[in-house]
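# Architecture and fold: a report
Residue strings, one per chain:
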Amino acid sequence: QVQLVESGGGSVQPGDSLRLSCAASGGTFSSYRMGWFRQAPGKDREFVAYITSNGGRTYYADSVKDRFTISRDNAKNTVYLQMNSLKPEDTAVYYCAASRSVTIVSGNYDYWGQGTQVTVSS
């Protein structure tokens, strides 16, 4: 059983940056692929970013490509999401998730955090 706890959310202005963290415990973190997802009010949960178990490959949704960066530190059992040039449409609850599979489909993720709110507003 893997427990995931996100942190780093907050309220920022358009153009600002935030870094989200997701700390894992209770499992072999380095064996899991990790993803970030988000859910805005009234919308379905959507994929944001993915990273392989060793951090060698990443994949992003088109809406965040070139603005967001996913990374991980397996020694610290933590995955990060650096978010730059934030826009109001990035407002959502952000979730990290762990999967044994190579996937960006939320239904294929095995473990989820509770989420952290990101609000981008002027």
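Everything quoted here is computed from the prediction, not taken from an experiment.

Moving on: unusual backbone geometry. With a phi angle near 75°, aspartate 66 is a residue other than glycine that sits in the positive phi range. Position of aspartate 66 among the secondary structure elements: in the loop between β6 (58-60) and β7 (68-73). For aspartate 66, a relative accessible area of 78% puts it in the exposed group. At serine 85, a position not held by glycine, the phi torsion is positive, near 50°. With respect to the helices and strands, the residue serine 85 is situated in the loop between β8 (78-83) and β9 (92-99). Classification of serine 85 by relative accessible area gives partly exposed; the value is 42%.

What follows deals with the environment of asparagine 74. By the element assignment, asparagine 74 lies in the loop between β7 and β8. Look at asparagine 74 and you get partly exposed, because its relative accessible area is 27%. Taking C-alpha positions, asparagine 74 is 11 Å from methionine 34, a pair spaced 40 residues apart along the chain. Those residues in contact with asparagine 74 that lie beyond four places of it in its chain are Phe29, Ser30, Ser53 and Asn54.

The next point concerns the sheet that holds β8. The strand order across the open sheet formed by 4 strands is β1-β3-β8-β7, and the pairing between neighbours is antiparallel. Only two strands of the sheet have a single partner each, and these edge strands are β1 (3-7) and β7. Strand after strand, the sheet turns through a mean of 15° between neighbouring axes, direction not considered. Examined bridge by bridge, β1 and strand β3 (residues 18-25) share 5 bridges and lie antiparallel to one another. Note on β3: the bridge partner recorded for valine 5 is alanine 23.

Cut-offs used in this document
- Residues numbered from 1 in each chain as written.
- Predicted model: local features only at pLDDT ≥ 70, side-chain atom pairs only at ≥ 80, totals over all residues.
- Heavy atoms only, no water.
- Helix = DSSP H or I, 4+ residues; strand = E, 2+ residues; numbered from the N terminus.
- Buried < 20%, exposed > 50% of the residue type's maximum accessible area, 1.4 Å probe, protein only.
- Contact = heavy atoms within 4.5 Å.
- Pairing = 2+ DSSP bridges.
- Axes fitted to C-alpha atoms, helices over the stretch in contact; angles between N-to-C directions.

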